[in-house]
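Summary of the model geometry
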Amino acid sequence: MAGEPVRWVMTGKGKPLARIPIDTLSPGPDEVLIKIAGCGVCRTDLRFYYDGAPTRHDLPLTLGHEISGHVIEAGDNALWWIDRAVIVPALIPCGHCDACQHGRSAICPNQKMPGNDIHGGFATHIVVPAHGLCEVDEARLAATGIDLADLAVIADAATSSFQAVMETGVGPGDLVVVNGVGGVGGYAAQIAATFGGRVVAIDINADRLGVIGRHCALALNARDKTPDDLKAAIASFAESHGLRQAGWIILECSGTKAGRDAAYHLVHERAVIAAIGCSMDRVEIRNPKLMHFHARAIENWGCPPELYPQALELVLNGRVKVTEFVEKHALDEINEVFAAAHAGALKRRAVLHAGGATS
Ligand SMILES: [Zn+2]
Ligand SMILES: [Zn+2]
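In this report, we go over the structure that sits alongside the text. All figures in this text were calculated on a predicted structure; none of them were measured in a lab.

**Re the environment of Val178**
Inspection of the secondary structure puts Val178 in strand S8 (residues 175-179). Here Val178 falls in the buried class, since its relative accessible area comes to 0%. It is 8.8 Å that separates the C-alpha atoms of Val178 and Ala263, two residues lying 85 residues apart in sequence. In this view, Val178 contacts Gly185, Ala188, Ala189, Val199, Val200, Ala201, Ile202, Leu251 and Cys253; residues no more than four positions away in its chain are not counted.

Here it is in structure tokens:
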């Protein structure tokens with residue numbers, strides 16, 4: 001029935017997600033009730049669902065941690081948020097533990113991750129802590145023509161990329177290699193470019209390279225190239241554009257073993273390599289590879305909520321595009337969308353919304 005609060009729950013590995021009504025949703029004193037505009041489908045959801053990676057909360061559980069929406073109810077300590085449009089951080093930290101106090105709230109031991117610790121965003125409504133919410137200026141959003149549902153990707157794909165760009169210190173004139181320009185890497189490439197990076201995008205998918213090619217300096221298809229070929233092509237690009245042959249910044253976004261191996265092959269003198277997101281594959285790195293080159297490897301998990309407004313600003317001011325990297329589907333199509341995402345049949349990141357129409 002239209003308007004009835006529902007959620008789609010995972011009851012077991014690979015079992016069809018089940019649509020169930022939500023009985024009562026009432027925010028606690030520090031919480032808000034959100035009517036969800038959109039929730040992005042992330043590789044992490046697929047790992048829970050298809051690979052049986054354990055969620056921290058027992059099943060049944062609603063997956064989904066890339067959420068945007070409107071606050072429609074709030075507890076006594078969160079009344080300021082009522083009627084505001086928001087992005088919910090994928091990792092909601094407590095705000096007062098040692099990790100939170102030292103800029104590492106993404107690993108807060110008390111964090112709440114929707115779709116992992118608490119019911120997630122593949123639903124019409126959700127209750128979450130108010131701490132860390134990112135307000136969206138709806139007047140500015142309307143001027144851009146972007147839907148609030150599209151902004152769901154800022155909750156994880158775009159902000160995890162933003163965090164990696166900050167951690168690796170991308171600056172003007174740096175040569176930045178983005179390996180894998182799908183749902184996450186597309187943002188990493190764009191964000192690195194806004195910080196002045198000269199971005200080389202690598203993928204094995206010609207469609208993705210075609211889209212990101214408009215936002216970066218060079219797009220390389222790895223399908224017909226060896227790792228040595230890629231390294232040589234990047235070195236040649238650097239030479240012809242007056243860029244350094246050392247200190248490349250490598251953002252590994254493929255999330256695959258082959259992709260990670262290829263990315264580590266590019267590590268050379270004073271390189272910084274950052275893996276964005278998560279892969280269960282084992283990657284072997286010979287210690288001297290980093291040591292002899294005085295290179296650094298960084299693993300990047302999530303993004304502190306304090307950085308969300310800066311990432312959002314890049315979208316609102318038009319420097320980072322989201323709509324051309326998103327495809328929206330009705331929430332009721334969730335089982336079909338999961339299957340398509342798992343099969344690699346989607347060209348863009350799927351965002352599910354309860355509104356009904358597919359776009
Ligand atoms: Zn995610
Ligand atoms: Zn904390």
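Don't stop here, the text continues.
**A few points about the state of the cysteines**
Summed over the entire model, instances satisfying the criterion amount to zero disulfides. No disulfide involves Cys39; its sulfur sits 9.6 Å from the nearest other cysteine sulfur, which is in Cys42.

**Observations concerning the sheet that holds strand S10 (residues 218-221)**
Across the sheet, which stays open at both edges, the six strands sit in the order S10-S9-S8-S11-S12-S13 with parallel pairing between neighbours. Each end of this open sheet is capped by a strand with a single partner; those strands are S10 and strand S13 (296-300). Each adjacent strand pair in this sheet contributes to an overall mean axis angle of 20°, direction not counted. In this fold helix H5 (residues 185-194) packs onto S8, strand S9 (198-203), strand S11 (249-252) and strand S12 (272-276), with an angle of close to 170° to the strand it touches most, S8. Its contacts with the sheet put helix H8 (residues 257-265) on S8, S11, S12 and S13, and the angle it makes with S11 is roughly 175°.

**Digging into the packing of aromatic side chains**
Considering all chains together, one arrives at six aromatic pairs under this definition. Between Tyr49 and Tyr50 the ring centres are 4.8 Å apart and the planes differ by 85°, which places this aromatic pair in the edge-to-face class. Accessibility expressed as a relative area gives 4% for Tyr49, which makes it buried. Relative accessible area serves as the criterion here: at 22%, Tyr50 is assigned to the partly exposed category. Centre to centre, the rings of Tyr187 and Phe325 are 5.8 Å apart; their planes meet at 55°, and the pair counts as tilted. Of this pair, Tyr187 sits in helix H5 while Phe325 is found in the loop between helix H10 (308-316) and strand S14 (326-330), placing the two residues 138 residues apart along the sequence.

Analysis parameters
- Residues numbered from 1 in each chain as written.
- Chains lettered and ligands numbered in written order.
- Predicted model: local features only at pLDDT ≥ 70, side-chain atom pairs only at ≥ 80, totals over all residues.
- Heavy atoms only, no water.
- Helix = DSSP H or I, 4+ residues; strand = E, 2+ residues; numbered from the N terminus.
- Buried < 20%, exposed > 50% of the residue type's maximum accessible area, 1.4 Å probe, protein only.
- Contact = heavy atoms within 4.5 Å.
- Disulfide = S-S within 2.5 Å.
- Pairing = 2+ DSSP bridges.
- Axes fitted to C-alpha atoms, helices over the stretch in contact; angles between N-to-C directions.
- Phe/Tyr/Trp six-rings, centres within 6.5 Å; stacked < 30°, edge-to-face > 60°.

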